[in-house]
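The lines below spell out each chain.
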Amino acid sequence: MGFAVVDVETTGLNPRTDRILEIGIVTADGSGRPTGEWSSLVNPGRPVAATVVHGLTDADVADAPPIAEVLPRVTALLAWKVVVAHNAAFDVGFLNAAYRHAGVDFAIPREATACTMELSKIYLPPGRHSLAASARRAGVPVPARRIGTFVPAPFVSLANVRE
């Protein structure tokens, strides 16, 4: 078994009505060593919103594949792995909604996830629990986000913080 560190960017905050714009996954072995990296923009089939949050625009995703074309690769990368995310309920909620919207009979169970945001509340000194704030408190470098490009380093590093 290993880990699949996941990040999604979305058109909004509600997985029932909003859609995924970008998915990034870093796989790691059981010791937390990265074994692969994959990302894709996703055409949500609707106007992009929340550009101020993620920087993605309609033009960025216009030629991207729809979620139904991306999900087989996502499923293969998640198979037999613990799904790790910062605010896992958000990312996994959107992934599970994407499976439902695509008519795929698959869901990531909560028990198969690890949330670095929740873990930061236990293992890091007090402070904000955003990914950037948690990574800084853990001594993990936070690279600048490049629009439309998944930057996994803080996720993998934060997931590997050991005492």
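The rules behind each value
- Residues numbered from 1 in each chain as written.
- Predicted model: local features only at pLDDT ≥ 70, side-chain atom pairs only at ≥ 80, totals over all residues.
- Heavy atoms only, no water.
- Helix = DSSP H or I, 4+ residues; strand = E, 2+ residues; numbered from the N terminus.
- Buried < 20%, exposed > 50% of the residue type's maximum accessible area, 1.4 Å probe, protein only.
- Contact = heavy atoms within 4.5 Å.
- Expected span 1.5 Å × (residues − 1).
- Patch = residues over 30% accessible without salt bridge, like charges linked within 9 Å, V, L, I, M, F, W, Y side chains within 5 Å.
- Areas by Shrake-Rupley, 256 points an atom, 1.4 Å probe, with all protein chains shown as cover.
- Salt bridge = Lys/Arg side-chain N within 4 Å of Asp/Glu carboxyl O.
- Phe/Tyr/Trp six-rings, centres within 6.5 Å; stacked < 30°, edge-to-face > 60°.

Caption draft 1: How the structure looks around the overall build of the protein chain. Looking only at helices and strands, one finds seven helices and five strands in the protein chain. Sorting the 163 residues of the protein chain into buried and exposed places 42% on the buried side. For the protein chain, contacts bridging at least 24 residues in sequence account for 59% of all contacts bridging at least 6.

Caption draft 2: Structural detail: helix α4 (residues 88-101). Taking 1.5 Å per residue as the helical rise, α4 with its 14 residues ought to reach 20 Å, and the 19 Å between its terminal C-alpha atoms agrees with that figure. Every buried residue of α4 is accounted for by Ala-88, Asp-91, Val-92, Phe-94, Leu-95, Asn-96, Ala-97, Ala-98 and Tyr-99. As for α4, its buried residues are in contact with β1 (2-10), β2 (20-28), α3 (67-78), β4 (81-85) and β5 (113-115). Just downstream of α4, Gly-103 is the residue with a positive phi angle, here 75 degrees.

Caption draft 3: The arrangement of a nonpolar patch on the surface in detail. A cluster of nonpolar side chains, namely Leu-119, Ile-122 and Tyr-123, defines an oily patch on the protein surface of about 340 Å² accessible area. Its place among the elements puts Leu-119 in helix α5 (residues 116-123). Taking relative accessible area as the criterion, Leu-119 reaches 38% and is therefore assigned partly exposed.

Caption draft 4: The arrangement of unusual backbone geometry in detail. A positive phi is found at Trp-80, a non-glycine position, where the angle reads about 60 degrees. With a relative accessible area of 78%, Trp-80 lands in the exposed category.

Caption draft 5: Region of the structure containing the packing of aromatic side chains. In total, this model carries two aromatic pairs according to the counting rule given. Look at Phe-90 and Phe-94: their rings are 4.9 Å apart centre to centre, the planes differ by 50 degrees, and that puts the pair in the tilted class. Placement of both Phe-90 and Phe-94 in helix α4 is noted, with a separation of four residues, approximately one turn of the helix. The class of Phe-94 is buried, set by a relative accessible area of 2%. Ring geometry for Tyr-99 and Phe-106: centres 4.8 Å apart, planes at 65 degrees, overall edge-to-face.

Caption draft 6: Representation of the pattern of salt bridges in the model. One pass over the full model with this rule turns up two salt bridges. With its nearest N and O atoms 3.3 Å apart, the salt bridge here joins Arg-33 to Asp-29. Owing to a relative accessible area of 23%, Asp-29 belongs among the partly exposed residues under this scheme. Glu-118 serves as the salt-bridge partner of Lys-121, at 3.2 Å between the closest nitrogen and oxygen. Of this pair, Lys-121 and Glu-118 both sit in helix α5, three residues apart, which is roughly one turn of the helix. Look at Lys-121 and you get partly exposed, because its relative accessible area is 43%. With a relative accessible area of 39%, Glu-118 lands in the partly exposed category.

Caption draft 7: Structural view of the environment of Asp-91. Relative to the helices and strands, Asp-91 is located in helix α4. With relative accessibility at 2%, the residue Asp-91 sits in the buried group. Taking the C-alpha atoms as reference, Asp-91 lies 9.2 Å from Thr-10; in sequence the two are 81 residues apart.

Function-wise, these values are silent; they only describe arrangement.
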